[in-house]
Amino acid sequence: MTLLPGRKEVIMKELKLTDSVTEVKGIGAKTEKALNKLLIFTVSDLVRHYPRGYDTYEPPVPITSVKEGEKAAIEASIITSPLVKQVRNLKIITIRVKDVSGSLSLSWFNMPFLKNRLMSGYHYIFRGKAARKNGALVIEQPEIYTREEYQRKMNILQPIYPLTEGITNNLLTKAIKTAMGEAEMAEDYLPKAVIKEYKLMNSKNALLELHFPKDKELLAQARRRLVFDEFFQFTLALSYLKESKKSWKNNFVLEDRQGCGDYENSLPYDLTGAQRRAWEEIRKDMKSEHTMNRLVQGDVGSGKTVLAALSLLLTALNGYQGCLMVPTEVLAQQHYETISDAFLEFGIQTVLLTGSMTAAAKRGVYERIKKGEVQIIIGTHALIQEKVEYRKLALVVTDEQHRFGVRQREMLSGKGEHPHVLVMSATPIPRTLAIILYGDLDISLVDELPAGRLPIKNCVVDTGYRSTAYRFIGKQLEEGRQAYVICPMVEESEVIEAENVIEYTEKLKEALPFAHVEYLHGKMKPQEKNDIMERFSKGEIQVLVSTTVVEVGVNVPNATVMMIENAERFGLAQLHQLRGRVGRGKYQSYCILVCGREGKDIRKRLEIMNQSNDGFYIAGEDLKLRGPGDMFGIRQSGEMEFKLGDIYQDAKVLMEANEAAKKLTKEELEAIFLKSPELKLKIVEFKGGTL
Ligand SMILES: Nc1ncnc2c1ncn2[C@@H]1O[C@H](COP(=O)(O)OP(=O)(O)OP(=O)(O)O)[C@@H](O)[C@H]1O
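All of the points below concern the structure found in this document. (Residues numbered from 1 in each chain as written. Predicted model: local features only at pLDDT ≥ 70, side-chain atom pairs only at ≥ 80, totals over all residues.)

## Side note on the overall build of the protein chain
Here's step 1: Within the protein chain, the regular secondary structure consists of 23 helices and 21 strands.
Here's step 2: For a compact globule of 691 residues, the expected C-alpha radius of gyration is about 26 Å, and the protein chain comes in at 29 Å, within 12% of that figure.
Here's step 3: Along the three orthogonal principal directions, the C-alpha set of the protein chain runs to about 90 × 70 × 50 Å.
Here's step 4: Looking at the protein chain alone, contacts between residues at least 24 apart form 70% of all its contacts between residues at least 6 apart. (Helix = DSSP H or I, 4+ residues; strand = E, 2+ residues; numbered from the N terminus. Rg over C-alpha atoms; globule rule 2.2 N^0.38 Å. Contact = placed C-beta atoms within 7 Å.)

## Section: the site of the ligand
Here's step 1: Taken together, the neighbourhood of the ligand is formed by 19 residues, with Y269, G303, T305, A426 and P450 sitting nearest.
Here's step 2: Each residue belonging to the shell around the ligand can be placed in one class, and the counts come to seven nonpolar, 10 polar and two charged. (Near = placed C-beta within 6 Å. Nonpolar A, V, L, I, M, F, W, Y, C, P; charged D, E, K, R; others polar.)

## As for the packing of helix α7 (residues 216-246) against helix α21 (residues 651-663)
Here's step 1: Direction vectors running N to C along α7 and α21 enclose 50°, while the axes themselves pass 8 Å from each other. Between α7 and α21, the angle is such that the two are oblique. Crossing geometry of α7 relative to α21 is assigned as right-handed. The segment α7 lies against α21, with R224, V227, F228, F231, F232, T235, L236 and S239 engaging V653, L654, E656, A657, N658, A660 and A661. (Axes fitted to C-alpha atoms, helices over the stretch in contact; angles between N-to-C directions. Parallel < 35°, antiparallel > 145°, perpendicular 65-115°, else oblique. Left-handed = near helix turned anticlockwise from the far one by under 90°.)

## Focus: the sheet that holds strand β21 (residues 590-595)
Here's step 1: Spatially, β16-β21-β20-β17-β19-β18 is the arrangement adopted by the six strands of the open sheet, whose pairing is parallel. Looking at the sheet topology across the chains shown, the edges are occupied by β16 (457-462) and β18 (517-520). Averaged over all pairs of adjacent strands, the angle between their axes in this sheet comes to 20°, without regard to strand direction.
Here's step 2: Judged from the four bridges that link them, strand β17 (residues 482-486) and strand β19 (residues 543-546) form a sheet pairing that is parallel. Each residue of the ladder has a partner; that of A483, found in β19, is V543.
Here's step 3: Sheet strands in contact with helix α18 (residues 572-579) are β17, β20 (559-564) and β21, and its direction is about 150° off that of β20. (Pairing = 2+ DSSP bridges.)

## Details of the environment of K529
Here's step 1: Structurally, the position occupied by K529 is in helix α17 (residues 526-538).
Here's step 2: Given 22 C-beta atoms within a 10 Å radius, K529 is considered buried.
Here's step 3: In this structure, the C-alpha to C-alpha distance between K529 and Y519, residues 10 residues apart in sequence, is 9.3 Å.
Here's step 4: Those residues in contact with K529 that sit more than four places away from it in its chain are E329, V330, L520, M524 and V549. (Buried ≥ 20, exposed ≤ 12 C-beta atoms within 10 Å, placed from the backbone.)

## As for the sheet that holds strand β13 (residues 393-399)
Here's step 1: Reading across the sheet, the seven strands line up as β11-β12-β10-β13-β14-β9-β15 and stay open at both edges, with parallel pairing between neighbours. This sheet does not close on itself; its edge strands, each paired only once, are β11 (350-353) and β15 (442-446). Taking each pair of neighbouring strands and ignoring which way they run, the sheet shows an average axis angle of 20°.

## Concerning the environment of R117
Here's step 1: Turning to its location among the elements, R117 is positioned in the loop between β5 (103-109) and β6 (123-133).
Here's step 2: C-beta crowding within 10 Å serves as the criterion here: with 12 such atoms nearby, R117 is assigned to the exposed category.
Here's step 3: Each C-alpha atom of the pair R117 and N530 lies 63 Å from the other, and the pair is 413 residues apart in sequence.

## Regarding the environment of N250
Here's step 1: Relative to the helices and strands, N250 resides in the loop between α7 and α8 (258-266).
Here's step 2: A count of 17 C-beta atoms within 10 Å places N250 in the partly exposed class.
Here's step 3: The spacing of N250 and A394 is 144 residues in sequence and 9.6 Å in space, taken between C-alpha atoms.
Here's step 4: N250 has contacts with S288, E289, H290 and T291, leaving out every residue within four places of it along the chain.

## Re the pairing of β18
Here's step 1: Both β18 and β19 contribute to a ladder of four bridges, which runs parallel. Directly across from E518, in β19, lies its bridge partner L544.
Here's step 2: Handedness of the β18-α17-β19 crossover: right-handed. (Right-handed = clockwise from strand over helix to strand, strands pointing away.)

## Points about the nonpolar core
Here's step 1: If you look at the biggest cluster of nonpolar residues, it comprises 159 residues, and the most contacted ones within it are L313, L422, V485, V545, M563 and L593.
Here's step 2: Mapped onto the domain boundaries, this core takes at least three residues apiece from domain 1 (1-45 + 167-184) and domain 3 (457-612).
Here's step 3: Residues within four places of V545 in sequence aside, it is in contact with V485, C487, V501, Y504, T505, L508, V517 and Y519.
Here's step 4: Ranked by size, the runner-up nonpolar core spans 21 residues in total, among them I63, V66, L104 and Y124. (Core = buried A, V, L, I, M, F, W, Y, C linked by C-beta atoms within 7 Å. Domains from an automatic or database assignment.)

## Considerations on helix α4 (residues 169-182)
Note that an α-helix has 3.6 residues per turn; residues three or four places apart therefore point the same way.
Here's step 1: Taking 1.5 Å per residue as the helical rise, α4 with its 14 residues ought to reach 20 Å, and the 20 Å between its terminal C-alpha atoms agrees with that figure.
Here's step 2: Within the span of α4, buried status applies to L172, A175, I176 and A179. Seen from one end, α4 has its buried residues packed into an arc of 100°, which puts them on one side. For α4, the exposed residues lying more than 90 degrees away from the buried face are N170 and G181.
Here's step 3: Where α4 is buried, its residues meet α2 (43-47) and α6 (203-211). (Expected span 1.5 Å × (residues − 1). Arc of directions from axis to C-beta.)

## Let's talk about unusual backbone geometry
Here's step 1: The residue K199 is not glycine, and still its phi comes out positive at about 50°.
Here's step 2: Here K199 lies in the loop between α5 (192-197) and α6.
Here's step 3: Its 10 C-beta neighbours within 10 Å are what place K199 among the exposed residues.
Here's step 4: A positive phi angle, close to 45°, is found at N566, a residue other than glycine.
Here's step 5: Position of N566 among the secondary structure elements: in the loop between β20 and α18.

Dropping the structure here:
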């Protein structure tokens with residue numbers, strides 16, 4: 001309640017964080033509906049709807065450096081009288097301005113009142129996005145400022161929010177401002193000692209500064225505090241999860257079986273030392289008195305699949321079911337083909353279950369699973385659907401590549417009575433981070449590539465090198481090898497000039513008329529995708545032009561060239577995954593990174609790929625290059641389920657938060673839970689996902 005001096009008593013309602021957003025002034029039923037689409041239901045959701053970036057008012061630039069499609073501010077004098085044209089129902093004002101470097105046209109729609117402000121000889125700062133009209137650059141709808149006004153603007157960072165239809169940035173900014181001003185914010189839950197030791201901003205200010213930063217420095221501090229919270233709560237929750245799992249008795253104590261040795265002997269290669277060690281650890285876990293919760297971390301092509309296969313076989317030979325969940329249908333199909341035939345001779349039945357199967361086919365598979373007629377089930381997230389009833393599910397293997405799907409693996413393991421869990425990951429995160437992020441798992445490292453692999457030869461080139469690259473690919477095809485060409489887009493887009501698979505395939509067919517070239521992209525039907533992949537695997541297709549659908553796990557050892565168009569558009573981790581599709585067999589392999597745009601930073605980043613084929617090295621260098629705490633950088637590891645934090649960029653905060661969580665005394669933890677019972681609930685009942 002607030003009393004305004006000298007006036008009638010005004011009762012200000014204090015908002016509660018749990019109140020519905022409609023309690024915030026200015027939000028009615030219609031707006032509420034639209035906000036719900038952004039998952040904003042309560043006042044708390046609203047104030048936790050973070051900006052995705054900030055509009056900054058940069059110093060004006062010379063007219064000649066204004067670029068098409070980019071926002072810029074120019075300081076210029078008007079050199080023509082405003083020209084007003086009526087085009088259908090639009091009234092367009094156009095003027096021409098100049099500075100010492102050159103001149104440019106500016107235009108406004110339906111703003112006739114501006115005419116008097118835009119007199120020849122006047123001098124302003126204009127800010128807007130440049131477009132090309134009839135061959136010339138024009139800034140459309142620019143904002144107009146005097147130099148003093150602009151100076152003031154330059155100190156402000158305007159939040160830009162994720163939006164949806166019916167919700168403007170203005171509306172959200174206002175609503176959040178109101179809510180922040182009126183809502184009763186929770187007291188800081190972190191112990192004072194932690195705040196002091198890690199020099200954190202308090203939680204209320206952090207939220208306020210994140211939405212309405214006074215300057216970049218305070219914004220960085222605010223963000224650091226909120227990222228710290230995310231990581232702190234996550235690591236706390238993981239340690240709870242780990243504790244609870246430790247007490248799980250092994251319901252499926254497995255025994256060694258001769259079949260596993262026979263399978264190993266049937267492989268065309270010997271296991272590497274690292275594979276052997278990992279297999280030893282897995283077996284030991286599954287035979288022990290506690291349930292296995294293990295991560296197998298190994299670089300692309302290090303041979304993790306055989307470990308999954310051996311574990312599944314051991315489970316099946318012990319009379320139980322085991323399942324393998326992978327991120328794409330293409331990959332599920334590939335694993336199914338590798339495993340199903342090989343295991344038949346041990347009397348083991350394998351089945352495939354994916355989202356795109358017909359309802360009838362799925363029903364058939366559910367039946368067989370339920371009755372225990374099949375022992376190994378391979379598939380995508382369809383494996384965790386409610387209708388799947390397993391019979392004696394003793395092992396869950398998830399191939400996560402670079403997604404840290406705590407939730408999925410928990411859901412899947414929830415299908416059995418604490419089955420063993422094996423997680424395969426090729427994410428090249430440094431060990432120090434892996435230990436934290438996979439805090440609930442024990443880790444086996446496959447840190448050795450199979451013998452006889454030749455290091456991939458790399459080059460970073462510009463588009464002028466294409467014809468040479470095609471000739472090179474042609475030669476490789478003549479030698480019986482195959483190639484991938486990756487393009488970022490499916491179809492031609494007017495907005496982004498990036499090579500697209502469909503057109504590119506046509507172009508490539510002309511350049512390599514004797515070769516069988518096909519394309520693959522995510523929008524194709526699963527059946528079509530599987531078909532193309534199968535034909536590529538068999539060598540019927542020689543060159544596969546593809547979007548990043550081949551990124552995860554695809555294994556065609558005969559492919560030796562990976563050519564990546566617009567390589568600058570991919571993150572380094574993703575480039576490394578893509579490159580990992582070659583160099584998987586005994587042949588010399590090559591990676592050609594084609595740079596579609598020039599720039600010193602772009603080159604520098606891509607050169608890292610040139611320097612090494614080691615995923616861990618690349619992740620480390622990437623981190624150094626981007627530096628921590630870059631608020632405006634792209635989130636390359638968006639696959640992690642944190643709202644703000646980026647495990648690479650914020651690696652230091654992650655380590656600090658983990659340290660703080662581990663150091664908490666029992667009393668401090670109790671005090672936290674006392675202050676925030678909701679947080680206690682979230683942490684203790686954590687089953688993965690966002691906290
Ligand atoms: N010890 C080994 N010696 C020789 N070849 C091997 C060995 N282990 C696995 N391979 C072969 O290496 C290739 C890559 O193995 P696999 O597909 O298991 O890699 P991965 O670790 O799953 O990689 P990614 O993370 O890229 O999917 C396969 O063709 C596999 O048959």
